[in-house]
Amino acid sequence: MAYARLADGRPVERVRLRRGGIEADILTFGAVIQDLRVGGRSVVLGFDTFEPYLDQSPYFGAIAGRCANRIANGRFTLEGREYHLPLNEAGRHHLHGGTAGFSERLWTLEEADAHSVLLSLESADGDQGYPGTVQATCRYTLLDDTSLRIELEGRTDAPTLFNPAAHSYFNLDGTGDVLAHRLRIDAHEFLPVDGDLIPTGEIRPVSGTSFDFREPRVIGEQSGHEPLDHNFCLSREAVVQPRKVARLETGDGSLALDLATTAPGLQVYDGAKVNVPLAGHDGRGYGPNAGLCLEPQFWPDAINHEGFAGCVLRPGETSRQVTDYIFTSRT
């Protein structure tokens, strides 16, 4: 029986993965991680029912795409042709693939077992203004009793942009906000942004700025500085094997999340604008800073900036991103 149905009657499925002390609920709508529990504790923001994901969710647990993050003015030029995309952020810029991006689509359930699920999606030529028909897949796998892996792949029949990103909001202790969490990011550079959160084009060293997280820092220490919604530069291109790039842990150190990825960038968003009027998991309210996003991806607006780690995908190529969430508890 279907978990839920869309307005047109199409079924939404839910797959529950379990392995030791970790459990994940995955929806075919948006390829959403609806819930992720470690030792029985929910560590992501989300809803216990499906309907809020249609109109109340700020991308909770979704796969954002075809191109995650922002594209300035919804414009880019590829192979000598200019493309115009929906301006779904403040009517000025393109965000997370547009008004009907990957996060708003019903993915196909290809296979599933107790530890893994594979979802697929076809994005047609012209979908949200992007060229080329893209075949995308998303696989979630519980590698062991502490780790969740996300594998994102894409192929195209014409040059296009392909930059999907997992968009979970993490809260490791179940309190009202993550301001007491500690964060470390192994990045020596970040991308400054303008008032619309569009990269200025500068690649700036983190040294001497409030964006230096090379040593663990309490997230609340960012108060009084520029809010966190920035790309941290991990490398100039994607790598083959996941490497650990960030660590998030509770204030008391009882639970930690290590993030390993092949992506060249990590968008970090402190959830300052979260304001959801509905209760989430375990009856919790979701207000400002209720969760922290750690989004592995190519650098934002890269197509419009020379020297940025870009996400152009061409026929005959396969784009592949692998990200591991590795949890460690201290009892």
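In the block above lies the structure referred to throughout.
Residues numbered from 1 in each chain as written. Predicted model: local features only at pLDDT ≥ 70, side-chain atom pairs only at ≥ 80, totals over all residues. Heavy atoms only, no water.

Asks: Got a minute to help me understand the packing of aromatic side chains in this structure?
Replies: Think of a pair of aromatic rings as described by two things: how far the centres are apart, and how the planes are tilted against each other in angle. A complete count under the given rule lists 16 aromatic pairs for this structure. An angle of 80° between the planes, with centres 6.2 Å apart, marks the rings of F213 and F232 as edge-to-face. One end of the pair, F213, is in the loop between β21 (204-205) and β22 (217-218); the other, F232, is in strand β23 (residues 229-233), and 19 residues separate them in sequence. For the pair shown, F213 and F232 are each scored as buried. Grouping aromatic residues by their ring pairs yields a cluster made of F47, Y53, F60, Y169, Y269 and Y286. (Phe/Tyr/Trp six-rings, centres within 6.5 Å; stacked < 30°, edge-to-face > 60°. Helix = DSSP H or I, 4+ residues; strand = E, 2+ residues; numbered from the N terminus. Buried < 20%, exposed > 50% of the residue type's maximum accessible area, 1.4 Å probe, protein only.)

Asks: Just to check I follow, could you spell out the environment of C311 for this structure?
Replies: By secondary structure assignment, the location of C311 is in the loop between β27 (292-297) and β28 (312-313). A relative accessible area of 7% places C311 in the buried class. Considering only alpha carbons, one finds C311 and D301, 10 residues apart in sequence, at a separation of 9.5 Å. If near-sequence neighbours (up to four positions away) are discounted, C311 is found in contact with C67, T160, L161, F162, N163 and F298. (Contact = heavy atoms within 4.5 Å.)

Asks: When you look at the sheet that holds β23 in this model, what are you seeing that I'm missing?
Replies: In a beta sheet, neighbouring strands pair by backbone hydrogen bonds and run either parallel or antiparallel. Spatial ordering of the open sheet is given by β18-β27-β26-β23-β20-β21, a layout of 6 strands whose pairing is antiparallel. Edge positions in the open sheet fall to β18 (169-170) and β21, since each of these has one partner strand only. With 5 bridges joining them, strand β26 (residues 265-269) and β27 adopt antiparallel strand pairing. For Q267, the partnering residue across the bridge sits in β27 and is E295. (Pairing = 2+ DSSP bridges.)

Asks: I'm lost on the layout of surface pockets in this one. Help?
Replies: Think of a ball as big as a water molecule: rolled over the atoms, this probe shows where empty space is left. Considering only enclosed or pocket space, the largest pocket measures out at about 540 Å³ in volume. In terms of lining residues, the largest pocket is bounded by 32 residues, among which R70, L197, D229, Y269 and K273 are the most central. Of all the secondary structure elements, the ones that give two or more residues to the lining of the largest pocket are β23 and β26. Class assignment for the residues of the lining of the largest pocket results in 13 nonpolar, 9 polar and 10 charged. By volume, the second largest pocket is sized at about 190 Å³. Taken together, 15 residues form the lining of the second largest pocket, with F298, G310, V312, S319 and R320 sitting closest to its centre. (1 Å grid on protein atoms, 1.4 Å probe; cavity = no way out; pocket = protein on both sides within 12 Å on 5 of 7 lines; lining within 4 Å. Points joined across faces, edges and corners; volume = space filled by probe spheres on them. Nonpolar A, V, L, I, M, F, W, Y, C, P; charged D, E, K, R; others polar.)

Asks: Help me understand the side chain of Q267, please; the structure alone is not making it clear to me.
Replies: Along the chain, the position of Q267 falls in strand β26. Within polar-contact distance, the side chain of Q267 engages the backbone nitrogen of N231 at 3.2 Å. When residues no more than four places from it in sequence are discounted, the contact partners of Q267 are N69, R70, D229, H230, N231, C293, L294, E295, Q297 and P300. (Polar contact = N/O pair within 3.5 Å; in protein donor to acceptor, adjacent residues only side chain to side chain.)

Asks: Please explain the sheet that holds strand β13 (residues 116-123) as it appears in this structure.
Replies: Strand order in the open sheet formed by 9 strands is β12-β13-β14-β15-β29-β25-β24-β19-β22, and the pairing between neighbours is antiparallel. For this open sheet the edge positions go to β12 (108-112) and β22, each flanked by a neighbour on one side alone. In this sheet, strand β25 (residues 255-261) lies alongside strand β24 (residues 243-249) in antiparallel orientation, the contact comprising 6 bridges. Residue pairing for β25: R243 is matched across the bridge by T261.

Asks: Which parts of the structure should I look at to understand empty space enclosed by the protein?
Replies: For the coordinates displayed, the defined rule picks out 3 cavities of 30 Å³ or more. Of the voids in this model, the largest cavity is the one considered here, and its volume is about 60 Å³. Surrounding the largest cavity, F29, V32, Y53, S57, Y59, F60, A62, S103 and E104 form its lining. Residue composition of the lining of the largest cavity, by class: 6 nonpolar, 2 polar and 1 charged.

Asks: Sorry if this is basic, but what is going on with the pairing of strand β29 (residues 319-329) here?
Replies: A regular strand places its side chains so that they alternate between the two faces of the sheet. Burial runs high along β29: 8 of the 11 residues are buried. Across 8 bridges, strand β15 (residues 147-156) lies against β29 in antiparallel orientation. What sits directly across from S147, in β29, is I326. Two elements, β25 and β29, share 7 bridges in a ladder whose sense is antiparallel. Of the residues in β29, the one forming a bridge with A260 is D324.

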